[in-house]
Amino acid sequence: MGETYVYAIATSPRRGGNTETLLDKVIDGISEVGLKVLKEHLSHKEINPCLGCNRCGSTGQCIQKDGMQEVYPHLLSASGIILAAPIFSMHICAQAKMVIDRCQRFWSVKYVMKKPVVEDEQLRTSRRGLFISVCGRDRPETFDCVRPTIAYFYHILEIKDWRELTISGVDDKGEVLKHPDELKKAYETGKDIAREIGGTL
Ligand SMILES: Cc1cc2nc3c(=O)[nH]c(=O)nc-3n(C[C@H](O)[C@H](O)[C@H](O)COP(=O)(O)O)c2cc1C
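Residues numbered from 1 in each chain as written. Predicted model: local features only at pLDDT ≥ 70, side-chain atom pairs only at ≥ 80, totals over all residues.

Side note on the overall build of the protein
Working step 1: Across its full length, the protein carries eight helices and seven strands.
Working step 2: Taking 2.2 N^0.38 as the reference for a compact globule, 201 residues should give roughly 17 Å; the C-alpha atoms of the protein span a radius of gyration of 16 Å, in line with that estimate.
Working step 3: If you line up the protein on its principal axes, its C-alpha atoms span 50 × 40 × 30 Å.
Working step 4: Looking at the 201 residues of the protein, the share that counts as buried comes to 38%. (Helix = DSSP H or I, 4+ residues; strand = E, 2+ residues; numbered from the N terminus. Rg over C-alpha atoms; globule rule 2.2 N^0.38 Å. Buried ≥ 20, exposed ≤ 12 C-beta atoms within 10 Å, placed from the backbone.)

Some points on the pairing of strand β3 (residues 80-84)
Working step 1: Burial within β3 is extensive, with five of its five residues counted as buried.
Working step 2: Alternating residues of β3 divide into G80, I82 and A84 and I81 and L83, and every residue in both groups is buried.
Working step 3: Taken together, the five bridges between strand β1 (residues 5-10) and β3 define a ladder with parallel strand orientation. The residue of β3 that forms the bridge with I9 is L83.
Working step 4: In terms of strand pairing, β3 meets strand β6 (residues 128-135) through five bridges, oriented parallel. Of the residues in β6, the one forming a bridge with A84 is I132. (Pairing = 2+ DSSP bridges.)

Examining the site of the ligand
Working step 1: Around the ligand, a shell composed of 19 residues is seen, among which G17, T19, P86, C135 and G136 lie nearest.
Working step 2: Elements represented by at least two residues in the shell around the ligand include exactly α1 (18-32), β4 (87-88) and β6.
Working step 3: Ranked by residues supplied to the shell around the ligand, first place goes to α1 with three residues. (Near = placed C-beta within 6 Å.)

Some points on the environment of D171
Working step 1: Topologically, D171 is positioned in the loop between β7 (161-168) and α8 (180-197).
Working step 2: Along the chain, D171 and D101 lie 70 residues apart, while their C-alpha atoms are 26 Å from each other.

What about the pairing of β7?
Working step 1: In the sheet, β6 pairs with β7 via eight bridges, with the strands oriented parallel. By the bridge assignment, V134 is partnered in β7 with I167.
Working step 2: For the segment spanning β6, helix α7 (residues 147-156) and β7, crossover handedness is right-handed. (Right-handed = clockwise from strand over helix to strand, strands pointing away.)

Looking at helix α5 (residues 104-112)
Working step 1: Regarding α5, the residues found buried are R105, F106, S108 and V109. Here the buried residues of α5 occupy an arc of 155° about the axis, which is enough to place them on one side.
Working step 2: Those residues of α5 that are buried lie in contact with α2 (56-59) and α7.
Working step 3: The first or second residue beyond α5 is K114, which carries a positive phi of 55°. (Arc of directions from axis to C-beta. Contact = placed C-beta atoms within 7 Å.)

Describing the packing of α1 against α8
Working step 1: For the pair α1 and α8, interaxial distance at closest approach is 7 Å and the crossing angle is 40°. Classified by the angle their axes make, α1 and α8 are oblique. In this structure, the crossing between α1 and α8 has a hand that is right-handed. Contacts between α1 and α8 involve L22, K25, V26, I27, D28, G29, I30 and E32 on the former and, on the latter, L183, A186, Y187, E188, T189, G190, K191, I193 and A194.
Working step 2: A breakdown of the residues in the contact of α1 with α8 according to their chemical character gives nine nonpolar, three polar and five charged. (Axes fitted to C-alpha atoms, helices over the stretch in contact; angles between N-to-C directions. Parallel < 35°, antiparallel > 145°, perpendicular 65-115°, else oblique. Left-handed = near helix turned anticlockwise from the far one by under 90°. Nonpolar A, V, L, I, M, F, W, Y, C, P; charged D, E, K, R; others polar.)

Remarks on the sheet that holds β3
Working step 1: With respect to topology, five strands assemble into an open sheet ordered β2-β1-β3-β6-β7, the strand pairing being parallel. For this open sheet the edge positions go to β2 (36-41) and β7, each flanked by a neighbour on one side alone. With strand direction ignored, the average angle separating the axes of adjacent strands in the sheet is 15°.
Working step 2: Relative to the sheet, α1 contacts β1, β2, β3, β6 and β7, its axis offset from that of β6 by approximately 150°.

Points about α1
Working step 1: For α1, built from 15 residues, the straight-helix expectation of 21 Å at 1.5 Å per residue is met to within 8% by its first-to-last C-alpha distance of 21 Å.
Working step 2: Among the 15 residues of α1, 12 are classified as buried, and the element is accordingly described as predominantly covered.
Working step 3: Where α1 is buried, its residues contact β1, β2, β3, β6, β7 and α8.
Working step 4: Trailing α1 by a residue or two, G34 shows a phi angle of about 90°, which is positive. (Expected span 1.5 Å × (residues − 1).)

What follows is the structure, given as structure tokens:
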């Protein structure tokens, strides 16, 4: 196993918005326990949609040479993967969905090539996931639309142990700051995940 760290992806096009604020609280908790976090904001990357070409079915690789090529290694080697994505039109925002679609190469490795996606068995069995989301309407059932996709994402990455942090009724930028209990929960969730992964403090 290489270096132990958590890979955290912020996907909302609104920088410093509600999902990113929650993500930062989780990161504070993880850091408090002494675990390294690599935070990525997708607005810094050019990532294209999956082309559906199925070339990954024979190689396990994606032919598109875009920003996703820098994301892939972390999806394979991080001990924790956090995806922060707001609800847009009753699903995760397109930026997050593109990342998941581009994980088709891992699906190919698992189901076509019938190989483990994460080769290191210790890493494979100890990885943790966290999905962070908010939606504007006060309807918690909105997240029901999203869960199968997130479960699929973590399944493809061979992460059995994933949890979610979701808040409904949070719309304007900064509105999440009116929910101190949820911010505290985010911080504590970060600490819990870091301890499970094996933080030093
Ligand atoms: C294009 C778009 C579509 C949206 N669709 C929904 C929706 O279907 N349901 C909902 O409850 N909120 C919806 N929202 C509201 C966002 O989920 C809400 O503003 C959220 O706080 C954004 O998170 P962020 O600050 O991390 O970007 C939508 C917002 C945008 C910009």
